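Chains, contacts and geometry: an overview
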Amino acid sequence: MSVPDVKKYLRSEAMPTLFCTGCGHGILLHCLLIAIDELKKDYDNMVFVSGIGCAAWIPSPHMAADTLHTTHGRPIAYATGVKAYRPDLDVVVVSGDGDIVSIGGNHLIHAARRNTDITVIMANNKVYGMTGGQQASTTPHGCITLTTPQGNPERDFDTCRLVLGADAGFVARETVAAPRNLIKVIKAALTHEGFAFVETVSTCVTHFGKMNGMPSPEAMIANLKEKSVRGTGTDLLTKPLEDGRFYTGIFTSGAG
Ligand SMILES: Cc1ncc(C[n+]2csc(CCOP(=O)(O)OP(=O)(O)O)c2C)c(N)n1
Ligand code: SF4
Ligand SMILES: [Mg+2]
């Protein structure tokens, strides 16, 4: 299998990436660029919007494109403004779970409800990575974080289910342990007309993995492979799995 050379999409002065060794955000960046290349997208017609956090660094500073590095929790609001003013542009939000569904959850559900024609790629590393690994609304029940040393007493959001409940037309989840599938999902999202949501599961190696039995990037990848269960159809999301397992795939790609 040949892999496209994506260096032309990157700012060489920003490489190597700012991420910790083995962080899945780098894999997501690579997969996004391959998807753009394989679709032969006009890079000059695309705008990438992020908030604040490690994941928010995926577009900026790494991508040699028009990028908006905005405020924590608000990338979807900025992206909505860009799309409203310039509907001809392809607007893609790439940011963290904290940005998109914790502090930014309100913008997420309303963009889904309105069927705003943007693609939202949420890098779900299960914590607020940049600030030291605090518990987020995506931290699974029982997991140890900086702020839940006895284990998280709360349950986490299933963000795919949340946006589906707000009538999102395209909803998918994939992990960084399945890059070829992740590329396919991103390609499908980028070609979907209307609101498209992709959750990319990629646990934070530094702040989540080490506290929850995944001390290395290899252990994180092995865990994601073990826990992800492939499937399609929206009814999957109403049947949560046990033992930390979760569904991956395109759950819906109909009209929003
Ligand atoms: C309004 C506001 N609240 C809090 C912060 C502090 N802050 C910066 S990054 C961040 C966490 C980012 O988490 P996430 O979006 O999940 O990205 P990650 O670093 O995990 O990839 C927080 C809480 C901030 N910059 N602005
Ligand atoms: S702190 Fe976590 S999310 Fe941030 S770069 Fe390191 S491994 Fe990635
Ligand atoms: Mg996060």
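Please refer to the structure placed before this passage.
Computed from a predicted structure; not experimentally measured.

On the surface, Ile-144, Leu-146 and Met-211 cluster together to form a nonpolar patch covering roughly 240 Å² of accessible area. Positionally, Met-211 belongs in the loop between β8 (196-201) and α7 (217-227).

Ranked by internal contacts, the top residues of the largest apolar core, which has 41 residues, are Leu-32, Leu-33, Ile-36, Tyr-43, Phe-48, Met-63 and Ile-186. Looking at this core element by element, the count peaks at eight residues for helix α1 (residues 24-38). Contacts of Ile-186, omitting those with residues within four sequence positions, involve Leu-28, Cys-31, Leu-32, Ala-35 and Ile-121. Val-47, Ile-76, Val-101 and Val-163 belong to the second-largest nonpolar core, a separate cluster that totals 28 residues.

The subject of this paragraph is the packing of α1 against helix α6 (residues 179-191). Relative orientation of the contacting elements α1 and α6 amounts to 55°, with a least axis distance of 9 Å. Looking at the two axes, α1 sits oblique to α6. Here α1 and α6 pass one another in a crossing that is right-handed. In this structure, α1 contributes Leu-28, Cys-31, Leu-32, Ile-34, Ala-35, Ile-36 and Glu-38 to the contact, and α6 contributes Pro-179, Arg-180, Leu-182, Ile-183, Ile-186, Lys-187 and Leu-190. Its residues assigned to classes, the contact of α1 with α6 comprises eleven nonpolar, no polar and three charged.

On to the site of ligand 2. Close to ligand 2 lie Phe-19, Cys-20, Cys-23, His-25, Cys-54, Asn-125, Cys-204, Val-205, Thr-206 and His-207, which account for all nearby residues. Taken together, the residues of the shell around ligand 2 sort by class into six nonpolar, four polar and no charged.

Bringing the site of ligand 1 into the picture now. Taken together, the neighbourhood of ligand 1 is formed by 17 residues, with Cys-54, Asp-97, Gly-98, Gly-129 and Met-130 sitting nearest. One of the backbone N or O atoms of Gly-129 is found 2.7 Å from an oxygen atom in ligand 1. Protein coverage of the free-state accessible area of ligand 1, which is 590 Å², stands at 72%. Those elements that provide at least two residues to the shell around ligand 1 are α3 (97-102) and β5 (127-128). Among the elements that make up the shell around ligand 1, the one with the highest residue count is α3 (three residues). Here the shell around ligand 1 is built from residues that sort into seven nonpolar, eight polar and two charged.

What follows is about the coordination of the magnesium ion (ligand 3). Coordination of the magnesium ion (ligand 3) by the protein is provided by Asp-97 (OD), Asn-125 (OD1) and Val-127 (O), with metal-donor distances spanning 2.1 to 2.2 Å. Each donor residue of the magnesium ion (ligand 3) belongs to the same chain, with the gaps between them written as D-x27-N-x1-V. We note that Asn-125, like Val-127, is buried.

Here the focus is the pairing of strand β10 (residues 246-253). Extensive coverage of β10 is indicated by the burial of six of its eight residues. Judged from the four bridges that link them, strand β7 (residues 170-175) and β10 form a sheet pairing that is antiparallel. Paired with Arg-173 across the two strands is Gly-249, which belongs to β10. Relative to β10, strand β9 (residues 228-230) runs parallel, the two sharing three bridges.

Attention now goes to the side chain of Asn-124. Tracing the backbone shows Asn-124 in strand β4 (residues 119-124). Only 2.8 Å separates the side chain of Asn-124 from the side chain of Glu-199, close enough to count as a polar contact. Apart from the residues lying within four places of it in its own chain, the contact partners of Asn-124 are Asp-97, Thr-138, Glu-199, Thr-200, Val-201, Ser-202 and Thr-203.

On to the pairing of strand β1 (residues 46-50), then. Regular strands have side chains that alternate between both faces of the sheet. Burial within β1 is extensive, with five of its five residues counted as buried. Because side chains alternate across β1, one face comprises the buried residues Met-46, Phe-48 and Ser-50, and the other comprises Val-47 and Val-49, equally buried. Where β1 and strand β3 (residues 90-96) come together, four bridges link them in parallel fashion. By the bridge assignment, Val-49 is partnered in β3 with Val-93. Pairing between β1 and strand β2 (residues 66-69): four bridges, direction parallel. When the bridges of β2 are listed, Ser-50 appears paired with His-69.

In this section: the pattern of salt bridges. Taken as a whole and assessed by the stated rule, the structure comprises twelve salt bridges. Between Arg-180 and Glu-38 there is a salt bridge, with the nearest N and O atoms lying 2.9 Å from each other. You can see Arg-180 sitting in helix α6 and its partner Glu-38 sitting in helix α1, a full 142 residues away along the chain. Residue classification places Arg-180 among the partly exposed residues on the basis of a relative accessible area of 30%. Shared partners join several salt bridges into a network, and the residues in it are Glu-38, Arg-180 and Lys-187.

Rules and cut-offs
- Residues numbered from 1 in each chain as written.
- Chains lettered and ligands numbered in written order.
- Predicted model: local features only at pLDDT ≥ 70, side-chain atom pairs only at ≥ 80, totals over all residues.
- Heavy atoms only, no water.
- Patch = residues over 30% accessible without salt bridge, like charges linked within 9 Å, V, L, I, M, F, W, Y side chains within 5 Å.
- Areas by Shrake-Rupley, 256 points an atom, 1.4 Å probe, with all protein chains shown as cover.
- Salt bridge = Lys/Arg side-chain N within 4 Å of Asp/Glu carboxyl O.
- Helix = DSSP H or I, 4+ residues; strand = E, 2+ residues; numbered from the N terminus.
- Core = buried A, V, L, I, M, F, W, Y, C linked by side-chain atoms within 4.5 Å.
- Buried < 20%, exposed > 50% of the residue type's maximum accessible area, 1.4 Å probe, protein only.
- Contact = heavy atoms within 4.5 Å.
- Axes fitted to C-alpha atoms, helices over the stretch in contact; angles between N-to-C directions.
- Parallel < 35°, antiparallel > 145°, perpendicular 65-115°, else oblique.
- Left-handed = near helix turned anticlockwise from the far one by under 90°.
- Nonpolar A, V, L, I, M, F, W, Y, C, P; charged D, E, K, R; others polar.
- Near = heavy atom within 4 Å.
- Polar contact = N/O pair within 3.5 Å; in protein donor to acceptor, adjacent residues only side chain to side chain.
- Donors = N, O, S within 2.8 Å, 3.2 Å for Na, K, Ca; no water.
- Pairing = 2+ DSSP bridges.

None of the figures reported here should be taken as evidence of function without further support.
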